[in-house]
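Structural description and commentary
Letter by letter, the chains look like this.
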There are 2 protein chains.
Amino acid sequence: MPTGPTRKTKQRDAVRAVLGAAERPLSIDELLKAASRRADGLGVATVYRAVALLLDEGWIEAVEIPGEPARYERSDKGHHHHFQCEKCDRAFDIAGCLDNLRKLAPPKFRVKEHSVTLYGLCAACAA
Amino acid sequence: MPTGPTRKTKQRDAVRAVLGAAERPLSIDELLKAASRRADGLGVATVYRAVALLLDEGWIEAVEIPGEPARYERSDKGHHHHFQCEKCDRAFDIAGCLDNLRKLAPPKFRVKEHSVTLYGLCAACAA
DNA sequence: TTGCTAATGATAAGCTAATATCATTTTACA
DNA sequence: TGTAAAATGATATTAGCTTATCATTAGCAA
């Protein structure tokens, strides 16, 4: 698949800017809504494409939560996990990690990664 | 939704038996394959229906893993988490849990549940 | 500026999982 | 055993998200 040159566009800049400023993982829809303010008329397809670029550029990573569409966040945040609010449906970062987690695996199992997700109410929704 | 009486059938018994004997969470497909040996000609729709019954009967629970179809396991296993093998795509139970996990949440956040999933190679695939 | 072509946006198409449909088979009670 | 109705199984349909299509717009190098 010949990738060809990549052009600088208003739309891509918008998506990158939003993700750069985001303090929590954003879904495609959230990205679309936020980036639309910087690039009027922005379409979903373009957001998907921009995200795909940033993904294999390695600048962002996908955050997968069961039953939820993927969220995306900058990959320079270091190891951390996520909190999913049951009410507003937003995902949040939570700092830190208990890294003796891998110890839980049965013997002979080779643990490569792990994911921890907390569920409940975020600060705003709990108030 | 009038539920009406529930009849005892070979197919439902088969699904229940398989889940009763399972040592790890099973997907619909795995259930179909396994239960088919006890109930010949078993169809997917029937497995879905049997699982739905066992779910609201409370006898089984769903195990959700991002990007994977749901797995089901008996709900009498006590609190535990799961391991997903990247090679054979099977899910396994892992005993125990670090329950200071909820401490990781930011202040003001109300944590109700959590899920931990380890990824890697199961014993069989690591060998 | 011009011209080539990547990028965009609207929308159609694809994918996977799960539910609905419906003619046929089975259960279970009278 | 006869029979009403639940259950089955094959398959169509839905649902949510992602990718493909394609005519149009716009980056950018000459």
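1. A few points about the nonpolar core
- Membership of the largest hydrophobic core comes to 31 residues, with the highest contact counts inside it found for Phe 83 of chain A together with Phe 83 of chain B.
- Listed by contribution, the elements that provide at least two residues to this core are strand 4 (81-85), strand 5 (91-94) and strand 6 (110-121) of chain A together with strand 4 (81-85), strand 5 (91-94), strand 6 (110-121) and helix 4 (123-126) of chain B.
- In contact with Phe 83 of chain B, not counting residues within four places along its chain, are Phe 109, Arg 110 and Val 111 of chain A together with Arg 90, Ala 91, Phe 92, Ile 94, Leu 118, Tyr 119, Gly 120, Leu 121 and Cys 122 of chain B.

2. Some remarks on the relation of the copies chain A and chain B
- Mapping chain A onto chain B calls for a screw motion: a turn of 180 degrees about the axis and a shift of 0.0 Å along it, with 0.1 Å RMSD after fitting. Given the turn and translation reported, the copies of this chain are related as if by a two-fold rotation axis.
- When the interface residues of chain A are mapped onto chain B, 100% of them again lie at the interface, so the same face is used by both copies.

3. Section: the packing of aromatic side chains
- In this structure the tally under the stated criterion is four aromatic pairs over all chains.
- Consider the rings of Phe 92 of chain A and Phe 109 of chain B, whose centres lie 5.2 Å apart with planes at 90 degrees: the pair is edge-to-face. Taken together, the positions of Phe 92 of chain A in strand 5 and Phe 109 of chain B in the loop between strand 5 and strand 6 put the pair across two chains.
- The exposure class assigned to Phe 92 of chain A is buried, which follows from its relative accessible area of 14%.

4. Concerning the domain arrangement of chain A
Residue and element names in this part refer to chain A.
- Here chain A is partitioned into domain 1 (10-74) and domain 2 (81-126).
- A straight line from the C-alpha centre of domain 1 to that of domain 2 covers 22 Å.
- Each partner contributes residues to the interface: domain 1 has 10 residues there, and domain 2 has nine residues.
- Between domain 1 and domain 2 the total buried area reaches about 780 Å² when both faces are included, carbon and sulfur atoms providing 48% of it.
- There are one salt bridge connecting domain 1 and domain 2.
- The closest approach of N and O atoms between Arg 71 and Asp 89, which form a salt bridge, is 3.9 Å.
- The tally of links from domain 1 across to domain 2 stands at three residue pairs in polar contact (both at pLDDT 80 or more).
- Residue classes in the side of domain 1 that touches domain 2 are distributed as four nonpolar, no polar and six charged.

5. Examining the protein's contact with DNA strand C
- Taken together, 19 residues lie around DNA strand C, and Thr 9, Arg 12, Thr 46 and Arg 49 of chain A together with Arg 7 of chain B are the ones closest in.
- Take the atoms of DNA strand C that sit within 4 Å of the protein: sugar and phosphate atoms are 66% of them.
- In the model, a phosphate oxygen of DNA strand C is placed 2.7 Å from a nitrogen or oxygen of the Arg 12 of chain A side chain.
- In this structure, Tyr 48 of chain B approaches DNA strand C through a side-chain N or O atom, which is 3.1 Å from a phosphate oxygen.
- Only helix 1 (10-21) and helix 3 (44-57) of chain A together with helix 3 (44-57) of chain B provide two or more residues apiece to the surface near DNA strand C.
- Split by residue class, the surface near DNA strand C holds seven nonpolar, six polar and six charged.

6. Considering the sheet that holds strand 3 (residues 71-74) of chain B
Residue and element names in this part refer to chain B.
- Strand order in the open sheet made by the three strands is 1-3-2, with antiparallel pairing throughout. Each end of this open sheet is capped by a strand with a single partner; those strands are strand 1 (26-27) and strand 2 (60-63).
- In terms of strand pairing, strand 2 meets strand 3 through four bridges, oriented antiparallel. Along strand 3, the bridge assignment pairs Val 63 with Arg 71.

7. Description of the pairing of strand 4 of chain B
All names here are of chain B.
- Where burial is concerned, most of strand 4 is hidden: five out of the five residues are buried.
- Across four bridges, the pairing between strand 4 and strand 5 is antiparallel. Across the sheet, residue His 82 finds its bridge partner in strand 5, namely Asp 93.
- Where strand 4 folds back on strand 5, the antiparallel hairpin that results is connected by five residues, among which Asp 89 adopts a positive phi of roughly 70 degrees.
- Here four bridges tie strand 4 to strand 6, and the two strands are oriented parallel to one another. By the bridge assignment for strand 6, Gln 84 is matched with Tyr 119.

8. Comments concerning the interface of chain A and chain B
- With 35 residues of chain A at the contact, the number on the chain B side is 35 residues.
- Buried surface at the junction of chain A and chain B, both sides included, amounts to about 2900 Å², of which 68% is carbon and sulfur.
- One can count two salt bridges joining chain A with chain B.
- Where Glu 86 of chain A meets Lys 112 of chain B, a salt bridge forms, and the shortest distance between an N and an O atom there is 3.7 Å.
- Secondary structure elements with two or more residues in the side of chain A that touches chain B: strand 5, strand 6 and helix 4 (123-126) of chain A.
- Here the side of chain A that touches chain B takes 12 residues from strand 6 of chain A, the largest share from any one element.
- Summarising the sheet, strand 6 of chain A and strand 6 of chain B pair through 11 bridges and their orientation is antiparallel. Residue pairing for strand 6 of chain B: His 114 of chain A is matched across the bridge by Leu 118 of chain B.

Criteria and thresholds
Residues numbered from 1 in each chain as written. Chains lettered and ligands numbered in written order. Predicted model: local features only at pLDDT ≥ 70, side-chain atom pairs only at ≥ 80, totals over all residues. Heavy atoms only, no water. Core = buried A, V, L, I, M, F, W, Y, C linked by side-chain atoms within 4.5 Å. Buried < 20%, exposed > 50% of the residue type's maximum accessible area, 1.4 Å probe, protein only. Helix = DSSP H or I, 4+ residues; strand = E, 2+ residues; numbered from the N terminus. Contact = heavy atoms within 4.5 Å. Least-squares fit on C-alpha atoms with pLDDT ≥ 70 in both. Phe/Tyr/Trp six-rings, centres within 6.5 Å; stacked < 30°, edge-to-face > 60°. Domains from an automatic or database assignment. Buried area = accessible area lost by both parts, 1.4 Å probe. Salt bridge = Lys/Arg side-chain N within 4 Å of Asp/Glu carboxyl O. Polar contact = N/O pair within 3.5 Å; in protein donor to acceptor, adjacent residues only side chain to side chain. Nonpolar A, V, L, I, M, F, W, Y, C, P; charged D, E, K, R; others polar. Near = heavy atom within 4 Å. Pairing = 2+ DSSP bridges.

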